[in-house]
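# Notes for the structure review
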There are 2 protein chains.
Amino acid sequence: MKIAILGTGTVGRTLAGAFSALGHTVVLGTRDPQATFARTGPNAVGAPPFSEWHSRNQHIPLEAFADAAAQAELVVNATDGARSLSALGSARSANLAGKVLMDVSNPLDFSQGMPPVLNPVNTESLAERIQGAFPDARVVKTLNTMNAGLMADPGRLADGDHSVFVSGDDPEAKQTVAGLLEALGHRDIIDLGDITSARGAEMMLPVWLRLWSTLGTADFNFKIVR
Amino acid sequence: MKIAILGTGTVGRTLAGAFSALGHTVVLGTRDPQATFARTGPNAVGAPPFSEWHSRNQHIPLEAFADAAAQAELVVNATDGARSLSALGSARSANLAGKVLMDVSNPLDFSQGMPPVLNPVNTESLAERIQGAFPDARVVKTLNTMNAGLMADPGRLADGDHSVFVSGDDPEAKQTVAGLLEALGHRDIIDLGDITSARGAEMMLPVWLRLWSTLGTADFNFKIVR
């Protein structure tokens, strides 16, 4: 499948590498490819500069959001949640229309300090805002409840014996996403329901952040025992 | 230990029975014992009337909130989250001072229809409001992320191989609560941190409610795989 991954942070890079290794044709999208390549220092969360990663992954092209989305059959939103609507706007509605839009972002708001809060929250989710802003895209929320390493390689923890959620209004789109998740090694894919159920998945972030701190590792995940 | 459980719904009844079976001296608290005994129909969530349960559990007395709390060493808040501050006010600050106050409630707000939303949420939690309103109580948030049956008997699901959280400012109070949880059969007790970490535990409710619906059972729980 032709997959565009919007966002060049740890999540975007890790998913790009994983989908490419599975044989998909992957393109990464960013606001300004030249600026992304030009950065030399670590990014806001301490990841090495994109150019360093790309020197080892030259088979994955980097393009502007709209160019990346235009050529893809499926688009992944791996941008910073606070900027996702803007990034998807740059990708343009027409390039998202009819396509599965896999949203793995979290609407974390660091403007009031640490820990971040969620915005939106409770009566709304970022996934719903994205679906509302791009009504012709087929939005599926998933993977936002674990770190990038586990998104792409769940088998590295407890042989993959933990859970991942999908939320969305389009059953076929959820099937497509579930197929990709299975190919990555996800064994327990739980369909939470329509796109409003993404509220629940996004609202797991505060406990996730506390667990990260108290466990001293981000390599953990939720398993729904039943 | 002398334990007062405030709230006579399914959670209060179930915890009362379980702590009593462990040898603790348990008293249930309610706003108006006569009115609680007088009800004949099922309650708001379809549980049989209290009098029916009590006819099989006559060793557990029912008293007014303040009388129940006054004689206890540890108090459990098992009241409806929307009314917890009022119930605890009726129990009186002096009867809570210095005591461990185990808060198992959830601030679910059904006033806008289904699904309920959380109030407070995100930048505040009900546990924090309780700690703020009763500064001399030693509040520990716990057990709010599972159904009553699993709170009291975690071993009935997957031999107890799932997780429970504690949040609170007082390390000794958390130790006391952890001891009670262990006695009930909880095997993986995770200390999330101070009382503000209860935001994370309370914000798991929306996904819990969706899972209840999608799994068709409330007999499930979160396990933190690491």
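Residues numbered from 1 in each chain as written. Chains lettered and ligands numbered in written order. Predicted model: local features only at pLDDT ≥ 70, side-chain atom pairs only at ≥ 80, totals over all residues.

### Considering the nonpolar core
We apply this condition: By definition, a nonpolar core groups buried Ala, Val, Leu, Ile, Met, Phe, Trp, Tyr and Cys residues that connect through C-beta atoms lying within 7 Å of each other. Partly exposed residues are those whose C-beta has more than 12 but fewer than 20 other C-beta atoms within 10 Å; with 20 or more the residue is buried, with 12 or fewer it is exposed, and the C-beta atoms are placed from the backbone. A residue pair is marked as a contact if its C-beta atoms, positioned from the backbone, fall within 7 Å.
One finds Ile5(A), Leu15(A), Ile5(B), Leu6(B) and Leu15(B) to be the most contacted residues of the largest nonpolar core, which totals 132 residues. Apart from the residues within four sequence positions on either side, Ile5(B) is in contact with Gly12(B), Leu15(B), Ala16(B), Val26(B), Leu28(B), Gly29(B), Val76(B) and Ala78(B).

### A look at the sheet that holds strand β3 (residues 62-64) of chain A
Residues and elements named next belong to chain A. The condition is simple: Two strands make a pair as long as DSSP finds a minimum of two bridges between them. Numbering goes from the N terminus for both helices and strands, where a helix is a DSSP run of H or I of at least four residues and a strand is a run of E of at least two. To obtain an axis, a line is fitted to C-alpha atoms, over the contacting stretch when the element is a helix, and the angle between two such axes runs from 0 to 180 degrees between their N-to-C directions.
Reading across the sheet, the eight strands line up as β3-β2-β1-β4-β5-β8-β9-β10 and stay open at both edges, with mixed pairing between neighbours. On the outer flanks of this sheet lie β3 and β10 (188-193), each paired with one strand and no other. Pairwise comparison of adjacent strand axes, ignoring direction, gives a mean angle of 30° for this sheet. Note that strand β5 (residues 100-103) and strand β8 (residues 138-142) share four bridges and pair parallel. Along β8, the bridge assignment pairs Asp-103 with Lys-141.

### Describing the pairing of strand β11 (residues 221-225) of chain B
Within β11(B), five of the five residues are buried, leaving the element largely enclosed by the surrounding structure. Of the two faces of β11(B), both are covered, the one formed by Asn221(B), Lys223(B) and Val225(B) as well as the one formed by Phe222(B) and Ile224(B). Sheet analysis places strand β11 (residues 221-225) of chain A next to β11(B), joined by five bridges and oriented antiparallel. Its bridge partner being in β11(B), Asn221(A) is matched across the sheet by Val225(B).

### A word on the interface of chain B and chain A
By convention, interface size is frequently given as the accessible area that disappears when the constituent parts associate. Just so we agree on the cut-off: Think of it as three bins: nonpolar holds Ala, Val, Leu, Ile, Met, Phe, Trp, Tyr, Cys and Pro, charged holds Asp, Glu, Lys and Arg, and polar takes everything else, Gly as well.
Contacts between chain B and chain A engage 35 residues on the former and 35 residues on the latter. Looking at the side of chain B that touches chain A, the elements that each hand over two or more residues are β7 (117-118), β10 (188-193), α10 (198-202), α11 (205-215) and β11 of chain B. Sorting elements by how many residues they give to the side of chain B that touches chain A places α11(B) first, with seven residues. Of the residues assigned to the side of chain B that touches chain A, the class counts are 18 nonpolar, 10 polar and seven charged.

### Things to note about the pairing of strand β5 (residues 100-103) of chain B
All names here are of chain B. Burial along β5 is two-sided: the face carrying Val-100 and Met-102 and the face carrying Leu-101 and Asp-103 are both buried. In this sheet, β5 lies alongside strand β4 (residues 74-77) in parallel orientation, the contact comprising four bridges. Across the sheet, Asn-77 pairs through a bridge with Asp-103, a residue of β5.

### Quick word on the environment of Leu118(A)
Mapped onto the secondary structure, Leu118(A) falls in strand β7 (residues 117-118). Note: C-alpha distance between Leu118(A) and Leu88(A) (30 residues apart in sequence) is 19 Å. Each residue touching Leu118(A), except ones within four places of it in the same chain, is listed here: Pro107(A), Leu108(A), Asp109(A), Glu202(A), Met203(A), Leu205(A) and Asn122(B).

### With respect to the relation of the copies chain B and chain A
Heads up, the rule is: The fit set for superposing copies consists of C-alpha atoms from residues with pLDDT of at least 70 in both; the fit itself is least squares.
Structural alignment of chain B on chain A gives an RMSD of 0.0 Å, achieved by rotating through 180° and translating 0.0 Å along the axis. Such a combination of rotation and displacement between the chain copies is what one expects of a two-fold axis. If distances are taken from each C-alpha of chain B to the rotation axis, the shortest is found for Lys223(B), at 2.5 Å. Of the residues that chain B buries at the interface, 100% are likewise interface residues in chain A, meaning the two copies contact each other through the same surface.

### Some details on the environment of Pro171(A)
Within the secondary structure, Pro171(A) sits in helix α9 (residues 171-184). Remark: the alpha-carbon pair of Pro171(A) and Ala18(A), spanning 153 residues in sequence, is separated by 24 Å.

### Remarks on helix α5 (residues 84-91) of chain A
Residues and elements named next belong to chain A. This is how it is decided: Relevant arc is that of directions from the helix axis to the C-beta atoms, nothing else.
Listed as buried for α5 are Ser-84, Leu-88 and Ala-91. Down the axis of α5, the buried side of the element spans an arc of 45°, and every buried residue falls inside it. Looking at the packing, one finds that the buried side of α5 touches β1 (2-6), β2 (25-30), α4 (65-70), β4 (74-77), α6 (93-96) and α7 (126-133). Positioned one or two residues after α5, Arg-92 has a phi angle of 80°, which is positive.

### As for the packing of helix α5 (residues 84-91) of chain B against helix α7 (residues 126-133) of chain B
All names here are of chain B. Cut-off, in case you're wondering: Between 65 and 115 degrees an angle is taken as roughly perpendicular, under 35 as roughly parallel, over 145 as roughly antiparallel, and anywhere else as oblique. Should the near helix be turned counterclockwise from the far one by less than a right angle, the crossing is left-handed, whereas a clockwise turn marks it as right-handed.
At a minimum axis separation of 10 Å, α5 and α7 run at an interaxial angle of 25°. In terms of their interaxial angle, α5 and α7 are classed as roughly parallel. At the point where α5 passes α7, the crossing takes the right-handed sense. Across the interface between the two elements, Ser-84, Leu-85 and Leu-88 from α5 touch Leu-126, Arg-129, Ile-130 and Ala-133 from α7. Here the residues of the contact of α5 with α7 sort into five nonpolar, one polar and one charged.

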